[in-house]
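# Chain and residue survey
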Amino acid sequence: MAIFARIVPTRAGCVMIVETLTSFLDATSLGWASLLGLAAIIFVGLPHGAFDGAVAMALGWAGKPWMMLAFIMGYVTMAALVVIFWLAFPDLALLAFLGISLVHFGLGDAIGGTATEQAIQTIAHGGMVIVGISLFHKAEVDIIYSYLTGGDTTIIWVCVEQAPFVIGLALCIYLAMAIARPALRPRLFEIACLGFIFYMLPPLAGFAFYFCMVHTPRHLFRIWRQLSRQNFSPRSMLIMAAGFSCASWLAGGIALWMSPPSMSADAHLLRVVFIGLAALTVPHMILVDGLFRRHHAPIQGTTDTMPITDIPFKSDSGQDNKPQDNKPQGHNNA
Ligand SMILES: CC1=C(/C=C/C(C)=C/C=C/C(C)=C/C=O)C(C)(C)CCC1
Ligand SMILES: [Fe+2]
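Just so you know, these numbers come straight off a predicted model, no measurement behind them.

When helices and strands are counted, the protein shows twelve helices and zero strands. In the protein, the succession of helices and strands from N to C terminus is α-α-α-α-α-α-α-α-α-α-α-α. Per-residue burial for the protein yields a buried fraction of 45% across its 334 residues. Sequence separation of at least 24 residues holds for 75% of the intrachain contacts in the protein that already meet a minimum separation of 6. A total of about 16700 Å² of accessible surface is found on the protein, and carbon and sulfur atoms cover 74% of it.

In structure tokens form, the structure reads like this:
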């Protein structure tokens, strides 16, 4: 009887999820590559943010249950404020989202150096993702941007179309830097490969490739290494991340289910995914780029392998290998 009482609501829940999904699949005009990309963004990429609970642990904010509760409340409040801001000022919110994402992705992929070198790498890496995808597939991306702003996208394109001048300049300086500093070459080559992939794939599939195959693994590698150094149990990190992932999927599922009748299935689906992502990005960035990076930047001269290329920082040539007052230099914690 008890088992029966447990199975019936679970089955009802599953039926509801399957029904919502099949009605979306019937109504959407997105191709299979974009749908697969969206699924990967939601189920593979999004959980990297669910490790923010573990990041809070690394920062010493989650030692007691009340601290964890305060962290979760702060995170959810910030996410809710982003959604409210987006609904009130969609153009400004999308523009800000693109800008902060460029910085977040760029910082995650840069391997460090002086502040200027770091800025050049950040603009080049992050710019290729956000501006590259937007400009390679202008017509398709314009439709997505119009769903996200609720109509006019002129101001967005005015800004996106100016960006290649800055990004092009950053790429030229990056090339010069890579000639002098061989450790930068694999990362520059990575930008070229990603550019080709973004050009070839539909925009959502290209973004999903980057988000799931580059950004997420780099982030997880950083967090995992730092937390194992601090002797946190992998099991507790995984349980916490699974809990946060399920909570965000549930929130997204509810938002999807409350589909407004006036909106097309594509518009609603993309709004839920990207406004949801923006809402989680703001607290995620504050935590990862603002706090974790500052506290756990590798010390110059320490060996630090990079995922994807697996090149030790120490193998870097030239004078920047010499320890300089033990100042934190590396900044590639995604
Ligand atoms: C909306 C949209 C884009 C931007 C997506 C962004 C900006 C995602 C940011 C995610 C973050 C920052 C996750 C955190 O780790 C693209 C791919 C340019 C083109 C297709 C439509
Ligand atoms: Fe991230």
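What follows continues from the structure just given.
Our focus in this paragraph is the environment of Val 288. Its place among the elements puts Val 288 in helix α12 (residues 265-296). Taking the C-alpha atoms as reference, Val 288 lies 7.5 Å from Val 55; in sequence the two are 233 residues apart.

Attention now goes to the coordination of the iron ion (ligand 2). Taken together, His 48 (NE2), His 104 (NE2), His 215 (NE2) and His 284 (NE2) make up the full set of protein donors to the iron ion (ligand 2), lying 2.2 Å away. The sequence pattern formed by the donor residues of the iron ion (ligand 2) is H-x55-H-x110-H-x68-H. Residue His 215 is found in helix α10 (residues 203-229), and its partner His 284 is found in helix α12; the two are separated by 69 residues along the sequence. One exposure class covers both His 215 and His 284, and it is buried.

A separate point is the site of ligand 1. Around ligand 1 there are 19 residues in total, and His 48, Phe 97, Ser 101, His 104 and His 215 lie nearest to it. With respect to ligand 1, the side chain of His 104 contributes an N or O atom lying 3.3 Å from an oxygen atom. Within the side chain of His 284, one N or O atom sits 3.5 Å away from an oxygen atom of ligand 1. Bound to the protein, ligand 1 loses 99% of the 550 Å² it would expose on its own. Going through the elements one at a time, α5 (90-109), α6 (115-136), α7 (138-149), α10 and α12 are the ones with two or more residues in the shell around ligand 1.

Further remarks concern the nonpolar core. Leu 38, Ile 41, Trp 86, Leu 94, Val 129, Phe 207 and Phe 274 are the most contacted members of the largest nonpolar core, which has 56 residues in total. Those residues in contact with Ile 41 that lie beyond four places of it in its chain are Leu 46, Leu 204, Phe 207, Ala 208, Phe 211, Cys 212, Val 273, Phe 274 and Leu 277.

Once that is clear, we can look at the UniProt feature "binding site: Fe cation" (unreviewed entry) in the protein. Mapped onto this structure's residue numbering, the UniProt feature "binding site: Fe cation" (unreviewed entry) falls at His 48, His 104, His 215 and His 219. A compact arrangement is adopted by the annotated residues: their sequence extent is 172 residues, whereas the largest C-alpha distance between any two is 13.3 Å. Tracing the sequence through the fold places His 104 in helix α5. Residue classification places His 104 among the buried positions, given a relative accessible area of 3%. With respect to the helices and strands, the residue His 219 is situated in helix α10.

Attention now moves to helix α9 (residues 185-200). The terminal C-alpha atoms of α9 lie 23 Å apart, and with 16 residues this matches the ideal 22 Å at 1.5 Å per residue to within 8%. Of all the positions in α9, only Arg 187, Leu 188, Glu 190, Ile 191, Leu 194, Gly 195 and Phe 198 are classed as buried. Along the axis of α9, the buried residues cluster in a sector spanning 150 degrees; they form a single face. Opposite the buried face of α9, by more than 90 degrees, sit the exposed residues Phe 189, Phe 196, Tyr 199 and Met 200. Those residues of α9 hidden inside the fold are in contact with α5, α6, α8 (154-180) and α10.

The next point concerns the packing of α7 against α8. Remark: α7 packs on α8, axes separated minimally by 11 Å, with the N-to-C direction vectors making an angle of 135 degrees. Comparing their axes, α8 and α7 come out oblique. Like other packed secondary-structure pairs, α7 and α8 cross with a definite hand, here right-handed. Residues Lys 138, Val 141, Asp 142, Tyr 145 and Thr 149 of α7 touch α8, and the partners they reach there are Ile 156, Trp 157 and Glu 161. Per-class residue counts for the contact of α7 with α8 are four nonpolar, one polar and three charged.

Here the focus is the UniProt feature "transmembrane region" (unreviewed entry) in the protein. Under the present numbering, the feature "transmembrane region" (unreviewed entry) in UniProt falls on residues 32-59, 66-87, 93-112, 119-137, 165-184, 196-216, 237-257 and 269-288. Helix makes up 100% of residues 66-87 and strand 0%, whereas the separation of the span's terminal C-alpha atoms amounts to 32 Å. End C-alpha atoms of residues 196-216 are separated by 20 Å, and the span's content is 90% helix alongside 0% strand.

Next up on the list: the packing of α8 against α9. Axis angle and axis distance: for two packed helices, these are the angle between their axes and the distance between the axes, and together they describe the pair. Close contact between α8 and α9 brings their axes to 9 Å; oriented N to C, the two are set at 145 degrees. With respect to the hand of their crossing, α8 and α9 are arranged in left-handed fashion. Taking contact as the criterion, the partners of Leu 171, Tyr 174, Leu 175, Ala 178 and Ile 179 in α8 are, on α9, Arg 185, Arg 187, Leu 188 and Ile 191. Of the residues assigned to the contact of α8 with α9, the class counts are seven nonpolar, no polar and two charged.

Rules and cut-offs
- Residues numbered from 1 in each chain as written.
- Chains lettered and ligands numbered in written order.
- Predicted model: local features only at pLDDT ≥ 70, side-chain atom pairs only at ≥ 80, totals over all residues.
- Heavy atoms only, no water.
- Helix = DSSP H or I, 4+ residues; strand = E, 2+ residues; numbered from the N terminus.
- Buried < 20%, exposed > 50% of the residue type's maximum accessible area, 1.4 Å probe, protein only.
- Contact = heavy atoms within 4.5 Å.
- Areas by Shrake-Rupley, 256 points an atom, 1.4 Å probe, with all protein chains shown as cover.
- Donors = N, O, S within 2.8 Å, 3.2 Å for Na, K, Ca; no water.
- Near = heavy atom within 4 Å.
- Polar contact = N/O pair within 3.5 Å; in protein donor to acceptor, adjacent residues only side chain to side chain.
- Core = buried A, V, L, I, M, F, W, Y, C linked by side-chain atoms within 4.5 Å.
- UniProt positions renumbered as here; feature names shortened; annotations may be inferred.
- Expected span 1.5 Å × (residues − 1).
- Arc of directions from axis to C-beta.
- Axes fitted to C-alpha atoms, helices over the stretch in contact; angles between N-to-C directions.
- Parallel < 35°, antiparallel > 145°, perpendicular 65-115°, else oblique.
- Left-handed = near helix turned anticlockwise from the far one by under 90°.
- Nonpolar A, V, L, I, M, F, W, Y, C, P; charged D, E, K, R; others polar.

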